[in-house]
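These are the residues of each chain, in order.
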Amino acid sequence: ATKPSDDKDPSVADEKDKVTAEEKEKVEEEKEKSLDEKAKEIIHTAKFRNYCDHDLSRDLDTYVGKLMSDIIRFQDKTFAKDPINAKTKKRYAVGLREAIKYLKVKKVSCILMAPDLDRISSKGGLDSTVDDIKDMCKEQNVPIVFTMSRYKLGRTCLRKTPISCVTILNRGFQGSDENYKLMLELRDQLKESYAARLNIEIQTLQTAQHQNAIKNIQQQQQSQLRYVPGMDFVPSTSRPPSSLKYSPGKEFVPKSQMFPSQPDNEGRALGGYGMG
């Protein structure tokens with residue numbers, strides 16, 4: 001028995017159709033992406049995810065480090081004095097779930113978030129949790145500071161494991177007010193620099209799109225023209241060569257040779273122009 005070809009095999013044909021459909025879907029998704037999304041793809045990396053809305057800075061990391069060092073020290077002192085009542089006087093909390101928990105009761109002064117969280121875009125995944133936190137912070141006018149990395153943030157909080165975010169509770173920064181103030185001031189300036197960088201990328205993409213549009217129009221116009229300077233001249237082939245008296249490459253034959261003179265009955269020569 002002969003083996004059926006791939007084109008006749010239904011399973012192979014279905015697989016090809018599936019691949020083609022997926023490719024078309026990817027092309028459509030690419031077209032639908034806004035310039036803002038495309039610009040962010042250029043700026044952001046795995047260590048600087050696109051949920052961040054300001055640039056990163058070592059100076060910012062320094063202020064965050066000093067702030068957290070003070071907050072942890074003050075909280076440890078409170079726990080040492082009165083372990084029972086200290087739980088009601090927490091200055092900070094760790095983790096995304098804790099952030100949502102305290103945002104719901106509106107007890108948050110600021111969120112410190114690592115810029116390199118894992119990408120989990122499925123429903124209920126990490127990306128949607130981050131979006132929820134950002135939305136709640138926006139509603140409550142709570143600043144989010146993107147700083148360090150998960151591992152550095154963990155070490156800053158004296159943890160052996162990486163940390164996604166730190167929630168500074170109401171007045172939790174008290175006693176380190178200057179570091180808190182400088183951190184937010186620098187964060188605002190980094191938001192401006194990020195916005196400017198994003199705008200430059202958007203303008204660059206707009207220029208590229210405009211140039212591509214012009215190029216496409218020119219190509220369409222040229223495709224409709226029979227001749228454009230720079231092209232090789234090709235004679236029209238709308239008429240068969242046999243109907244042409246002369247075409248390039250064909251031997252030229254004068255009319256006098258095409259219609260040689262013939263004597264009439266009286267012996268006079270009749271030229272090609274006088275026949276008839």
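The paragraphs below set out a description of the structure included in this document. All values reported here derive from a predicted model rather than from experimental measurement.

## Observations regarding the side chain of Arg150
- Counting through the fold element by element, Arg150 comes out in helix α7 (residues 150-156).
- Here Arg150 falls in the buried class, since its relative accessible area comes to 18%.
- Apart from the residues within four sequence positions on either side, Arg150 is in contact with Ala114, Asp116, Leu117, Asp118, Pro162, Ile163 and Ser164.

## Thoughts on the nonpolar core
- The biggest cluster of nonpolar side chains holds 51 residues, and the ones touching the most others in it are Met68, Ile111, Leu112, Met113 and Met183.
- Sorting elements by how many residues they give to this core places helix α8 (residues 177-223) first, with nine residues.

## Re the pairing of strand β4 (residues 165-169)
- Most of β4 sits inside the fold, with five of its five residues counted as buried.
- Of the two faces of β4, the one carrying Cys165, Thr167 and Leu169 and the one carrying Val166 and Ile168 are both buried.
- Sheet topology note: the strand β1 (residues 92-94)/β4 ladder contains three bridges and is antiparallel. Along β4, the bridge assignment pairs Tyr92 with Ile168.

## Concerning the packing of helix α5 (residues 96-104) against helix α6 (residues 126-140)
- Relative to each other, α5 and α6 sit at 30°, their axes nearing to 10 Å. Judged by the angle between their axes, α5 and α6 are roughly parallel. By crossing handedness, the relation of α5 to α6 is classed as left-handed. Where α5 approaches α6, its residues Leu96, Ala99, Ile100, Leu103 and Lys104 are matched on the opposing element by Leu126, Thr129, Ile133, Met136, Cys137 and Gln140.
- Class assignment of the residues belonging to the contact of α5 with α6 gives a composition of eight nonpolar, two polar and one charged.

## Structural notes on the sheet that holds β1
- In space, the four strands of this open sheet follow the order β1-β4-β2-β3, with mixed pairing throughout. The open sheet has two free edges, formed respectively by β1 and β3 (144-146), since each of these has just one partner strand. Mean inter-strand twist for the sheet, computed between neighbouring axes without regard to direction, equals 20°.
- Strands in contact with α5 are β1, β2 (108-113) and β4; relative to β4, the strand with the most contacts, it is inclined by about 30°.

## Let's talk about a positive patch on the surface
- Together, Lys47, Arg58, Lys152 and Arg155 make up a region of like positive charge exposed at the surface.
- In this structure, Lys152 sits in helix α7.

## Quick notes on a negative patch on the surface
- On the surface, Asp131, Asp132, Asp135 and Glu139 cluster together into a negatively charged patch.
- The residue Asp135 is located in helix α6 in this model.

## Quick look at unusual backbone geometry
- Here the phi dihedral of Met148 falls at roughly 55°; this positive angle occurs in a residue that is not glycine.
- Take Met148: it is sitting in the loop between β3 and α7.
- We note that Arg171 has phi near 60°; this positive angle belongs to a residue other than glycine.
- Structurally, Arg171 is set in the loop between β4 and α8.
- Residue Arg171 is classed as partly exposed on the basis of its relative accessible area, which comes to 44%.

## So, the pattern of salt bridges
- Summed over all chains, the structure comprises eight salt bridges.
- In this structure, the salt-bridge partner of Asp36 is Lys40, at a minimum N-O distance of 3.6 Å. Of the two residues, Asp36 and Lys40 both sit in helix α2 (residues 35-43), four residues apart, roughly one turn of that helix.
- Residue Asp36 is classed as partly exposed on the basis of its relative accessible area, which comes to 30%.
- For Lys40, a relative accessible area of 24% translates into the label partly exposed.
- Here Arg49 makes a salt bridge to Asp127, at a shortest N to O gap of 3.2 Å. A residue pair is termed long-range when its members are at least 10 positions apart, and Arg49 in the loop between α2 and α3 (58-81) and Asp127 in helix α6 qualify at 78 residues.
- Residue class for Arg49 comes out buried when judged on its relative accessible area of 4%.

## Focus on the packing of aromatic side chains
- All chains considered together, the criterion is met by three aromatic pairs.
- Judged by centre distance (6.4 Å) and plane angle (90°), the ring pair of Phe48 and Tyr194 falls under edge-to-face. Highlighted residues: Phe48 in the loop between α2 and α3 and Tyr194 in helix α8, separated in sequence by 146 residues. Neither Phe48 nor Tyr194 differs from the other in exposure class; each is buried.

Conventions adopted
Every chain's residues receive numbers from 1 upward, in the order its sequence appears when written. Local features in this predicted model are restricted to residues of pLDDT 70 or higher, and side-chain atom pairs are both shown and tallied only at a pLDDT of 80 or more, whereas totals for entire chains, interfaces and linings draw on every residue. Water and hydrogen atoms play no part in the side-chain values, which are based on all heavy atoms of the structure. Secondary structure elements are defined from DSSP: runs of H or I of at least 4 residues count as helices, runs of E of at least 2 residues count as strands, and each element is numbered from the N terminus. The buried label applies to any residue whose accessible area, calculated with a 1.4 Å probe on protein chains only, is under 20% of its type's maximum; exposed applies above 50%, and partly exposed to all values in between. Here a residue-residue contact requires only that any non-hydrogen atoms of the pair lie within 4.5 Å. Residues grouped as a nonpolar core are buried Ala, Val, Leu, Ile, Met, Phe, Trp, Tyr and Cys residues, joined through side-chain atoms within 4.5 Å. Two strands qualify as a pair provided DSSP detects at least 2 bridges between them. Note on geometry: axes are C-alpha line fits, over the in-contact stretch for helices, and angles between N-to-C directions span 0 to 180 degrees. Note that the term roughly parallel is reserved for angles under 35 degrees, roughly antiparallel for angles over 145, roughly perpendicular for angles of 65 to 115, and oblique for everything else. For any pair of crossing helices, the crossing counts as left-handed if the nearer helix is rotated counterclockwise from the farther one by less than a right angle, and right-handed if it is rotated clockwise. For this classification, Asp, Glu, Lys and Arg are treated as charged, while Ala, Val, Leu, Ile, Met, Phe, Trp, Tyr, Cys and Pro are nonpolar and the rest, including Gly, are polar. Patch membership requires over 30% relative accessible area and the absence of a salt bridge. Like charges are linked within 9 Å, and nonpolar side chains (Val, Leu, Ile, Met, Phe, Trp, Tyr) within 5 Å. Using the Shrake-Rupley algorithm and a 1.4 Å probe, accessible areas are obtained, with residue cover drawn only from the displayed protein chains. Basic side-chain nitrogens of Lys or Arg form a salt bridge, by our definition, when they fall within 4 Å of a carboxyl oxygen of Asp or Glu. For the purpose of charge, His is not counted, nor are the chain termini; Lys and Arg are scored as positive and Asp and Glu as negative. For the purpose of locating charges, the reference atoms are NZ of Lys, CZ of Arg, CG of Asp and CD of Glu. Ring geometry is summarised as follows: Phe, Tyr and Trp rings, the Trp one being its six-membered ring, pair when their centres sit within 6.5 Å, and such pairs are stacked at plane angles under 30 degrees, edge-to-face over 60 and tilted between the two.

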